[in-house]
Protein chains: 6
Amino acid sequence: MFYHVKELQYHAKPERPDPVFARMLQEVIGGQWGEISVAMQYLFQGWNVRGNEKYRDLLLDTGTEELGHIEMLATMVARLLEGAPVPTLEEAAKDPVINAILGGMNPQHIIVSGLGAMPSDSNGRRWTADYIIASGNLLADFRMNLTAESQGRLQVARLYEMTDDRGVKDMLAWLLARDTMHQNQWYAAIKELEEKENIVVPSTFPRQLEHREVSHVLFNNSAGNQSAHGRWAHGPSMDGEGVFKYVEKPVPFAPKPKLNPAPPNIHNTPPEDC
Amino acid sequence: MFYHVKELQYHAKPERPDPVFARMLQEVIGGQWGEISVAMQYLFQGWNVRGNEKYRDLLLDTGTEELGHIEMLATMVARLLEGAPVPTLEEAAKDPVINAILGGMNPQHIIVSGLGAMPSDSNGRRWTADYIIASGNLLADFRMNLTAESQGRLQVARLYEMTDDRGVKDMLAWLLARDTMHQNQWYAAIKELEEKENIVVPSTFPRQLEHREVSHVLFNNSAGNQSAHGRWAHGPSMDGEGVFKYVEKPVPFAPKPKLNPAPPNIHNTPPEDC
Amino acid sequence: MFYHVKELQYHAKPERPDPVFARMLQEVIGGQWGEISVAMQYLFQGWNVRGNEKYRDLLLDTGTEELGHIEMLATMVARLLEGAPVPTLEEAAKDPVINAILGGMNPQHIIVSGLGAMPSDSNGRRWTADYIIASGNLLADFRMNLTAESQGRLQVARLYEMTDDRGVKDMLAWLLARDTMHQNQWYAAIKELEEKENIVVPSTFPRQLEHREVSHVLFNNSAGNQSAHGRWAHGPSMDGEGVFKYVEKPVPFAPKPKLNPAPPNIHNTPPEDC
Amino acid sequence: MFYHVKELQYHAKPERPDPVFARMLQEVIGGQWGEISVAMQYLFQGWNVRGNEKYRDLLLDTGTEELGHIEMLATMVARLLEGAPVPTLEEAAKDPVINAILGGMNPQHIIVSGLGAMPSDSNGRRWTADYIIASGNLLADFRMNLTAESQGRLQVARLYEMTDDRGVKDMLAWLLARDTMHQNQWYAAIKELEEKENIVVPSTFPRQLEHREVSHVLFNNSAGNQSAHGRWAHGPSMDGEGVFKYVEKPVPFAPKPKLNPAPPNIHNTPPEDC
Amino acid sequence: MFYHVKELQYHAKPERPDPVFARMLQEVIGGQWGEISVAMQYLFQGWNVRGNEKYRDLLLDTGTEELGHIEMLATMVARLLEGAPVPTLEEAAKDPVINAILGGMNPQHIIVSGLGAMPSDSNGRRWTADYIIASGNLLADFRMNLTAESQGRLQVARLYEMTDDRGVKDMLAWLLARDTMHQNQWYAAIKELEEKENIVVPSTFPRQLEHREVSHVLFNNSAGNQSAHGRWAHGPSMDGEGVFKYVEKPVPFAPKPKLNPAPPNIHNTPPEDC
Amino acid sequence: MFYHVKELQYHAKPERPDPVFARMLQEVIGGQWGEISVAMQYLFQGWNVRGNEKYRDLLLDTGTEELGHIEMLATMVARLLEGAPVPTLEEAAKDPVINAILGGMNPQHIIVSGLGAMPSDSNGRRWTADYIIASGNLLADFRMNLTAESQGRLQVARLYEMTDDRGVKDMLAWLLARDTMHQNQWYAAIKELEEKENIVVPSTFPRQLEHREVSHVLFNNSAGNQSAHGRWAHGPSMDGEGVFKYVEKPVPFAPKPKLNPAPPNIHNTPPEDC
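Bear in mind the structure is a predicted one, so any value in this text is a computation, not a measurement.

## Side note on the overall build of chain A
Next up, step 1: Tallying secondary structure elements over chain A gives nine helices and three strands in all.
Next up, step 2: Going from N to C terminus, chain A has its helices and strands arranged as β-α-α-α-α-α-α-α-α-α-β-β.
Next up, step 3: For chain A, whose C-alpha radius of gyration is 25 Å, the value lies well above the compact-globule estimate of 19 Å for 274 residues.
Next up, step 4: Over its C-alpha atoms, taken along the principal directions, chain A stretches across nearly 70 × 60 × 45 Å.
Next up, step 5: The buried share among the 274 residues of chain A stands at 76%.
Next up, step 6: The contacts of chain A with a sequence gap of at least 6 include a subset with a gap of at least 24, amounting to 72%.
Next up, step 7: Per element, the accessible surface of chain A, about 6,700 Å² overall, is 56% carbon and sulfur.
Next up, step 8: Once the 26 positive and 35 negative side-chain charges of chain A are each reduced to a mean point, those two points are 4 Å apart.

## Regarding the packing of helix H4 (residues 53-81) of chain A against helix H9 (residues 166-196) of chain A
Residues and elements named next belong to chain A.
Next up, step 1: The contact between H4 and H9 brings their axes to 12 Å, and the two run at 165 degrees. Classified by the interaxial angle, the pair formed by H4 and H9 is roughly antiparallel. Judged by the sense of rotation from one axis to the other, the crossing of H4 with H9 is left-handed. Judged by residue contacts, Lys54, Tyr55, Leu58, Leu59, Thr62, Glu65, Glu66, His69, Met72, Leu73, Met76 and Leu80 of H4 engage Gly167, Val168, Met171, Trp174, Leu175, Arg178, His182, Gln185, Trp186, Ala189, Glu192 and Leu193 from H9.
Next up, step 2: Tallied by class, the residues present in the contact of H4 with H9 amount to 14 nonpolar, five polar and five charged.

## Looking at the pattern of salt bridges
Next up, step 1: Using the criterion set out here, one finds 106 salt bridges over all chains in the structure.
Next up, step 2: Among the salt bridges present, the one from D:Glu192 reaches D:Lys54, with a minimum N-O distance of 2.8 Å. Of this pair, D:Glu192 sits in helix H9 (residues 166-196) while D:Lys54 sits in helix H4 (residues 53-80), and the two are 138 residues apart along the sequence.
Next up, step 3: Classification of D:Glu192 by relative accessible area gives partly exposed; the value is 23%.
Next up, step 4: With a relative accessible area of 17%, D:Lys54 lands in the buried category.
Next up, step 5: When the shortest N-O distance is used, the salt bridge between F:Asp121 and F:Arg125 registers 2.9 Å. For the pair formed by F:Asp121 and F:Arg125, the shared burial category is buried.
Next up, step 6: If you follow the salt bridges from partner to partner, you end up with A:Glu15, A:Arg16, A:Asp165 and A:Arg166 in one network.

## Here we look at the interface of chain B and chain A
One frequent convention defines the size of an interface as the accessible area lost when the parts assemble.
Next up, step 1: Between chain B and chain A, the contact holds 110 residues from the first and 110 residues from the second.
Next up, step 2: For the pair chain B and chain A, the summed buried surface comes to about 9,700 Å²; carbon and sulfur atoms form 61% of the total.
Next up, step 3: The interface formed by chain B and chain A holds four salt bridges in total.
Next up, step 4: For A:Arg153, the salt bridge goes to B:Glu210, with nearest N and O atoms at 2.4 Å.
Next up, step 5: The interface formed by chain B and chain A contains 69 residue pairs in polar contact (both at pLDDT 80 or more).
Next up, step 6: Of the residues assigned to the side of chain B that touches chain A, the class counts are 51 nonpolar, 32 polar and 27 charged.

## Concerning the relation of the copies chain C and chain D
Here the two chain copies are tied together by a rotation about an axis and a shift along that axis.
Next up, step 1: With an RMSD of 0.0 Å, the operation that places chain C on chain D is a rotation of 180 degrees combined with a shift of 0.0 Å along the axis. Here the symmetry operator amounts to a two-fold rotation axis.
Next up, step 2: The share of interface residues of chain C whose copies in chain D are also at the interface is 100%, consistent with both copies meeting through the same surface.

## A closer look at the interface of chain C and chain D
Next up, step 1: Across the contact, 110 residues belong to chain C and 110 residues belong to chain D.
Next up, step 2: Buried area between chain C and chain D, both sides added, is near 9,700 Å², and the carbon and sulfur share of it is 61%.
Next up, step 3: The tally of links between chain C and chain D comes to four salt bridges.
Next up, step 4: The salt bridge partner of C:Arg125 is D:Asp130, with a shortest N-O separation of 2.4 Å.
Next up, step 5: Counting the contacts that link chain C with chain D gives 69 residue pairs in polar contact (both at pLDDT 80 or more).
Next up, step 6: Within the residue set of the side of chain C that touches chain D, elements represented by two or more residues are helix H4 (53-80), helix H8 (138-161), helix H9 (166-196) and strand S2 (217-219) of chain C.

## Considerations on unusual backbone geometry
Next up, step 1: For the bond running from D:Val201 to D:Pro202, omega is -15 degrees, close enough to zero to count as cis.
Next up, step 2: Here D:Pro202 shows up in the loop between H9 and strand S2 (217-219).

## Some details on the domain arrangement of chain A
Next up, step 1: According to the domain assignment, chain A contains domain 1 (19-196) and domain 2 (207-269).
Next up, step 2: Between domain 1 of chain A and domain 2 of chain A, the C-alpha centre-to-centre distance is 38 Å.

## With respect to empty space enclosed by the protein
Next up, step 1: Of the pockets and cavities examined, the largest cavity occupies roughly 800 Å³.
Next up, step 2: Its volume calculated, the second largest cavity comes out at about 140 Å³.
Next up, step 3: The wall of the second largest cavity is formed by 14 residues, among which A:Leu146, A:Ile190, B:Leu146, B:Ile190 and B:Glu194 lie closest to the centre.
Next up, step 4: Mapped onto the lining of the second largest cavity, the elements with two or more residues apiece are helix H8 (138-161) and H9 of chain A together with helix H8 (138-161) and helix H9 (166-196) of chain B.
Next up, step 5: Here the lining of the second largest cavity is built from residues that sort into six nonpolar, two polar and six charged.

## Focus on the packing of helix H3 (residues 35-48) of chain A against H8(A)
All names here are of chain A.
Next up, step 1: Relative to each other, H3 and H8 sit at 165 degrees, their axes nearing to 11 Å. Relative to H8, the element H3 is oriented roughly antiparallel. In this structure, H3 meets H8 at a crossing whose hand is left-handed. When H3 is examined against H8, the residues Val38, Gln41, Tyr42 and Gln45 are found in contact with a partner set consisting of Asp141, Phe142, Met144, Asn145, Ala148 and Glu149.

## Considerations on the packing of aromatic side chains
Next up, step 1: Evaluated as defined, the whole model comprises 69 aromatic pairs over all chains.
Next up, step 2: Between the aromatic rings of A:Trp232 and B:Tyr55, the centroid separation amounts to 5.9 Å while the plane-to-plane angle is 50 degrees, which identifies the pairing as tilted. Here A:Trp232 is found in the loop between strand S2 (217-219) and strand S3 (245-247), whereas its partner B:Tyr55 is found in helix H4 (residues 53-80) on a different chain. No difference in accessibility class separates A:Trp232 from B:Tyr55, as the two residues are buried.
Next up, step 3: Between the aromatic rings of C:Tyr42 and C:Trp186, the centroid separation amounts to 5.1 Å while the plane-to-plane angle is 55 degrees, which identifies the pairing as tilted. Residue C:Tyr42 is found in helix H3 (residues 35-48), and its partner C:Trp186 is found in helix H9; the two are separated by 144 residues along the sequence.

## Quick word on the UniProt feature "binding site: Mn(2+) 2" (unreviewed entry) in chain A
Next up, step 1: On the UniProt side, "binding site: Mn(2+) 2" (unreviewed entry) is annotated at positions that read A:Glu66 here.
Next up, step 2: Counting through the fold element by element, A:Glu66 comes out in helix H4.

## A closer look at the UniProt feature "binding site: Ca(2+)" (unreviewed entry) in chain A
Next up, step 1: UniProt records the feature "binding site: Ca(2+)" (unreviewed entry) for A:Asp57, A:Asp61, A:Asn220, A:Ser222 and A:Gly224 in the present numbering. The largest pairwise C-alpha distance within this set of annotated residues, which runs over 168 residues, is 47.9 Å, so the set is dispersed in three dimensions.
Next up, step 2: By the secondary structure assignment, A:Asp61 is in helix H4.
Next up, step 3: Filtering out sequence-adjacent residues up to four positions away, A:Ser222 remains in contact with B:Asp57, B:Leu60, B:Asp61, F:His4 and F:Lys6.

## A look at the nonpolar core
Next up, step 1: Among the nonpolar cores identified, the biggest contains 553 residues, and A:Leu25, B:Leu25, C:Leu25, D:Leu25, E:Leu25 and F:Leu25 are the most heavily contacted of them.
Next up, step 2: Other than its neighbours up to four places away in sequence, D:Leu25 contacts D:Leu73, D:Met76, D:Val77, D:Leu80, D:Leu159, D:Met171 and D:Leu172.

## With respect to the side chain of E:Asn48
Next up, step 1: Position of E:Asn48 relative to the elements: it lies in helix H3 (residues 35-48).
Next up, step 2: Note on E:Asn48: relative accessible area 7%, which makes it buried.
Next up, step 3: Within polar-contact distance, the side chain of E:Asn48 engages the backbone oxygen of D:Ala117 at 3.0 Å.
Next up, step 4: Sequence-distant contacts of E:Asn48, defined by excluding residues within four places in its chain, comprise C:Leu259, D:Ala78, D:Gly116, D:Ala117 and E:Ala134.

What counts and what doesn't
Residues numbered from 1 in each chain as written. Chains lettered and ligands numbered in written order. Predicted model: local features only at pLDDT ≥ 70, side-chain atom pairs only at ≥ 80, totals over all residues. Heavy atoms only, no water. Helix = DSSP H or I, 4+ residues; strand = E, 2+ residues; numbered from the N terminus. Rg over C-alpha atoms; globule rule 2.2 N^0.38 Å. Buried < 20%, exposed > 50% of the residue type's maximum accessible area, 1.4 Å probe, protein only. Contact = heavy atoms within 4.5 Å. Areas by Shrake-Rupley, 256 points an atom, 1.4 Å probe, with all protein chains shown as cover. Lys, Arg positive; Asp, Glu negative; His and termini not counted. Charge placed at Lys NZ, Arg CZ, Asp CG, Glu CD. Axes fitted to C-alpha atoms, helices over the stretch in contact; angles between N-to-C directions. Parallel < 35°, antiparallel > 145°, perpendicular 65-115°, else oblique. Left-handed = near helix turned anticlockwise from the far one by under 90°. Nonpolar A, V, L, I, M, F, W, Y, C, P; charged D, E, K, R; others polar. Salt bridge = Lys/Arg side-chain N within 4 Å of Asp/Glu carboxyl O. Buried area = accessible area lost by both parts, 1.4 Å probe. Polar contact = N/O pair within 3.5 Å; in protein donor to acceptor, adjacent residues only side chain to side chain. Least-squares fit on C-alpha atoms with pLDDT ≥ 70 in both. Domains from an automatic or database assignment. 1 Å grid on protein atoms, 1.4 Å probe; cavity = no way out; pocket = protein on both sides within 12 Å on 5 of 7 lines; lining within 4 Å. Points joined across faces, edges and corners; volume = space filled by probe spheres on them. Phe/Tyr/Trp six-rings, centres within 6.5 Å; stacked < 30°, edge-to-face > 60°. UniProt positions renumbered as here; feature names shortened; annotations may be inferred. Core = buried A, V, L, I, M, F, W, Y, C linked by side-chain atoms within 4.5 Å.

Structure (structure tokens):
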């Protein structure tokens with residue numbers, strides 16, 4: 001169960017309106033790697049944890065914090081949109097500054113949300129739960145979490161470079177720091193699980209059931225062998241279960257398939273060469 | 001540029017048709033973590049690499065191999081659908097075996113694809129490029145790749161448990177082994193980059209610009225402090241840049257926000273309390 | 001900013017597992033009118049309120065409560081999935097009870113989420129922010145909120161009829177009561193705004209600028225005049241601005257349009273009849 | 001069954017081309033609250049009405065009219081796109097007026113539709129039936145219809161403010177008036193149903209089966225009690241079934257949940273603390 | 001502008017309810033090639049025609065007819081759903097006939113639409129305008145129309161085979177005949193345009209500007225030369241502009257690309273090998 | 001199974017960067033008719049062919065070639081993005097040339113992909129497998145292929161007109177030529193199948209089972225009879241099975257439908273007029 005306080009985790013106040021940057025900032029609210037993604041991902045993972053209370057708590061701590069990040073960003077976007085011009089377009093076309101704004105802002109910030117933040121990315125595409133995962137396997141999921149914090153921090157860093165507004169930069173500096181922590185924490189949790197299990201997910205599947213003869217082989221399917229010079233092509237494998245091998249000219253292991261004709265009530269094209 | 005040979009990388013021949021398992025298997029063709037996802041993700045990452053030919057080659061090697069995995073799975077699905085019953089539904093309802101099949105299979109395997117594989121998941125949802133990423137930052141992307149191979153291998157393992165067909169199991173055992181290799185290889189590449197850069201992505205962003213006072217702090221936003229007992233809550237941080245700190249009762253750092261009214265031509269509700 | 005406690009707002013414990021009902025219940029988690037929709041909708045509306053602190057508070061109160069409803073339902077789904085059979089499909093086909101379960105459950109509850117709840121509807125379609133709105137106009141938005149609580153309560157009522165599990169029914173009876181309150185509260189807020197403004201949204205747009213001659217006219221575009229006998233076809237209009245009028249045989253007010261040809265560099269089909 | 005006449009319900013002729021406004025106007029064709037949404041929503045509701053011929057007729061009257069509104073808007077967009085420049089982009093970059101147009105228009109209006117209207121919103125996102133509902137419960141659905149006409153009229157009002165073109169304004173003034181009528185008519189139909197049933201949907205579900213102790217309670221989940229001062233927090237409830245109550249400090253009613261471990265063939269992380 | 005009559009273009013009355021077939025039938029309402037697709041596609045193409053009144057009229061004739069087909073199918077689905085069981089699931093699991101129905105039907109037909117038709121396909125995926133096209137080039141679009149009628153008739157034929165209900169078969173026989181006509185009509189329109197222009201779309205683009213040396217060449221990118229024996233590999237080309245040529249071993253025409261590094265403010269991985 | 005060489009099928013090198021054109025060019029990578037669509041469509045069709053090795057080979061030849069076209073276009077986009085400005089937006093607003101670029105480019109090319117190509121269209125919408133089809137009926141599918149090559153070449157031609165960059169134009173001239181070939185080849189394959197079968201798909205469905213009385217009738221559902229003057233309205237039908245007939249005033253063939261009430265546990269609005 002959740003509680004809310006009206007105060008923000010951190011300041012979200014720009015020096016001045018900037019509707020174009022408001023559009024850009026939407027990427028880290030409702031984009032693939034935005035705050036809605038991490039909030040919902042951590043909460044669903046947390047609710048689905050079976051035992052492992054330590055991890056459940058960590059997930060719910062962080063998911064709950066991320067809800068507050070959506071709130072900070074939504075507040076910032078709403079303030080950046082204040083003073084967005086709604087001149088007639090004709091007037092705008094004549095004024096280079098206004099037309100730069102209108103050309104670069106998201107028209108839905110006027111027409112649909114009335115100067116409010118949206119659950120969308122920087123191109124106006126609405127957030128979808130296709131972005132997230134909760135698989136029940138914590139190592140698999142923590143790797144996704146580390147990925148999300150890496151991609152997210154990368155995007156915040158790029159946005160930081162695109163503005164001179166000290167208020168915006170101050171808030172982004174906060175988010176960068178929190179993403180630093182979150183990368184650190186998932187990294188620590190991953191190490192713990194990898195040491196207990198193995199680096200290969202799922203570690204509970206019996207390795208003798210897989211085709212072990214190709215479990216540590218790099219097939220050179222793209223001509224040129226620059227990839228032969230990496231750690232992944234020689235020496236003991238990272239999982240401690242074998243030795244890396246490089247196959248310069250990979251060949252097929254199975255013959256050309258031929259499918260049987262479909263029954264007539266499917267109305268496919270009958271084979272002429274059968 | 002690509003070339004194709006008609007032979008398969010590995011066998012894709014079931015012992016007998018099984019339209020319900022054909023539906024299940026679609027998850028690892030066109031689902032979030034299916035073979036279309038990894039093929040397209042590695043190829044786009046590879047095409048976008050700037051310099052770093054070793055990594056570019058590795059990405060294109062693997063992406064090209066994954067195209068062949070879509071092919072193997074598509075062939076398997078087409079064969080599992082052979083002999084799918086298209087009785088009238090009335091007949092089916094009376095025969096428990098046929099109704100088990102019709103209730104469990106994907107009707108689009110009859111109506112839309114005519115007993116062919118589809119670029120869809122196990123619920124018939126078409127594949128979308130929302131599943132993938134190529135960010136230009138290789139550490140961020142390789143973490144996504146390791147995630148994809150972890151989630152993918154987990155799903156294949158679950159599918160392996162759901163069938164007794166030795167032909168299907170044989171092919172899944174191949175895919176399990178290849179996913180083992182791919183987890184190993186991205187793991188190796190990640191280690192290499194982490195050692196050269198730092199574990200925090202992007203490593204090029206100057207750390208002094210972020211709010212370092214919260215870069216290694218765990219906020220206990222979900223009551224209960226099981227999470228205080230993890231590695232992430234005490235000791236030196238994983239990135240070597242600080243010491244983990246646990247905040248039992250996190251407080252807001254900024255006041256309650258208040259937004260200004262919108263201009264009249266937006267036609268929002270005017271504030272009654274201004 | 002948000003806080004979380006591990007306790008649930010209300011009990012979410014079924015008498016026994018039921019993977020088929022788990023699938024059904026997903027509709028009110030991640031479907032169009034599920035709890036993710038109301039939580040996110042109220043929060044975004046609340047964050048975007050400009051002035052009107054009373055409404056902002058009401059929105060954030062309710063949105064925060066709804067986050068806890070997602071949690072209750074996710075917990076219920078996870079428990080309903082316990083003991084979901086993962087026999088081989090071949091075994092299942094032979095046992096009518098197991099095949100009823102496998103035919104009716106969502107395969108992604110096994111393959112993707114590993115017996116966990118998903119941010120999806122009863123057909124496995126992931127939640128999308130296309131379901132929600134925050135327009136900045138509170139009367140328009142509260143009408144959407146009343147709609148959401150009406151559709152949501154309707155779906156919960158239908159689900160209530162489909163199970164005999166007393167634990168499930170107990171939790172649904174809680175949600176039904178909360179939806180009753182939420183319908184009541186948005187109803188009250190709507191009345192308040194309608195009395196202050198007018199029933200027509202947005203009330204700030206000058207009525208003399210619209211084509212008032214058709215502001216209270218029902219055009220009988222579908223033959224048959226049963227609709228002529230409703231309140232909407234005669235008497236003073238609901239907005240107090242006119243008198244309803246019924247037009248039996250509506251006619252076009254403008255001539256047939258004819259578009260000009262496109263320039264050659266568009267490569268459209270050139271008109272043969274110009 | 002439908003018939004079509006080539007004449008338009010109302011004029012759709014701009015004074016001059018304006019490709020940027022053409023993009024904006026797409027919002028009310030193929031956006032969430034555009035004319036495709038209301039047309040399809042009313043038609044599906046109408047086709048699904050069981051008995052209640054008066055409402056069926058009203059739905060089909062209005063749905064059929066809305067098809068004509070899509071037509072008017074499509075015609076307007078096609079005309080606004082006439083004369084859209086397809087200079088080379090290099091030329092455009094040098095001419096501030098042309099670049100204002102190119103920066104602000106939708107490139108798919110050139111590349112995909114060849115200067116034609118699209119079933120898309122103002123950001124080029126295609127219309128989806130996720131926007132609409134037909135539930136079989138008319139009060140629930142008429143509330144959605146009233147919402148749609150409220151949001152729709154709001155968007156048209158905002159667009160009206162953004163242009164000086166008298167032809168465009170004239171058509172929008174028509175649509176504003178029709179939305180006025182449609183808000184009036186759904187309002188009237190809602191009153192009728194509310195008086196016959198009750199304001200809580202569905203009214204047929206026995207109230208004694210819900211947890212009545214929380215049917216009229218406002219939980220203050222977001223700190224601060226501005227919401228305590230509304231009509232929804234005291235006095236008789238709107239549905240006449242109770243008295244509103246305000247709970248300043250809401251508490252959980254159920255203990256912390258703990259889920260059982262998954263069976264081994266699911267390959268989740270085994271609990272370490274069981 | 002449109003008019004509607006309540007009568008149906010053709011009968012839509014099943015002999016008896018069949019909720020499973022109702023689900024199947026949704027494919028040709030709201031699926032990729034269903035009636036919503038053809039209705040909307042023809043109407044948008046028609047509204048966008050510039051000159052060429054003959055084609056505009058044909059498009060609007062047919063689009064308007066297709067609206068009536070959605071209506072027929074929606075009526076049929078609503079009737080097939082009558083008598084759909086809403087027993088408790090527990091009861092259902094014990095009765096093989098009911099469980100066959102519950103396993104095979106779409107749960108949203110109960111929970112969401114209340115026994116009504118939906119704008120969705122046979123897996124419950126909502127219709128999207130991503131399915132359709134109106135490009136302004138009539139030959140390109142009529143080819144899409146012929147495709148749509150071919151795929152659509154194929155699906156109806158498959159559905160015809162899956163039922164014994166004489167009422168359903170009678171309606172499908174009507175739709176099959178209308179699809180026959182529509183294939184005929186688009187075929188005729190295509191011939192007319194091909195004879196006037198050329199078979200290659202767009203015919204207005206000057207052929208000398210393309211790389212004519214590969215305009216009639218088949219590259220054998222997939223090993224094996226069965227494709228060498230088709231009409232497309234030898235003899236005069238179909239467009240009368242050249243001679244087909246078969247290239248057994250295609251080679252790249254351009255060197256390996258190498259991209260320049262990104263600027264530092266993008267925070268990509270810096271190239272180690274530059 | 002696939003192989004890759006690093007060389008490109010053809011040159012993909014612009015004279016200079018152009019981030020706005022990079023956005024435009026995305027349409028033919030990840031848009032509805034872009035190269036991902038044709039690659040995936042041909043490969044899935046090829047993998048699903050049952051017998052008919054000649055067509056299977058042709059599909060796999062062409063699908064494999066199209067993979068190389070995605071690569072060429074991705075390379076071109078990456079190069080067009082080189083030198084994309086990431087100034088602060090404030091600086092940009094002051095410089096008309098930079099603001100033209102920022103207003104017209106896709107912000108995700110900076111924030112998300114770090115100057116790399118994306119699997120998206122010109123509005124940033126990600127590719128979806130909803131765009132493609134593989135039905136098992138080759139005539140139906142080859143018609144879709146001819147459509148795809150027609151729409152695709154049309155879009156490339158429009159893009160060709162929008163740039164003066166000789167490097168870009170050179171690559172587009174290559175793609176135009178390949179689309180010419182592909183239109184030719186599907187045209188040839190279609191002729192072959194039409195001559196062997198019939199023009200109506202599926203030809204295997206017995207014509208006497210359809211309602212032949214309307215198999216060659218044009219219903220004039222849109223007033224005005226310009227369409228009466230086409231080949232489709234008189235003379236022998238294209239399929240050689242009848243004579244075209246034009247019906248000036250089409251009438252319904254079936255009475256007004258009336259649906260039965262839903263059972264009470266569905267909680268629909270009870271009919272008041274039953």
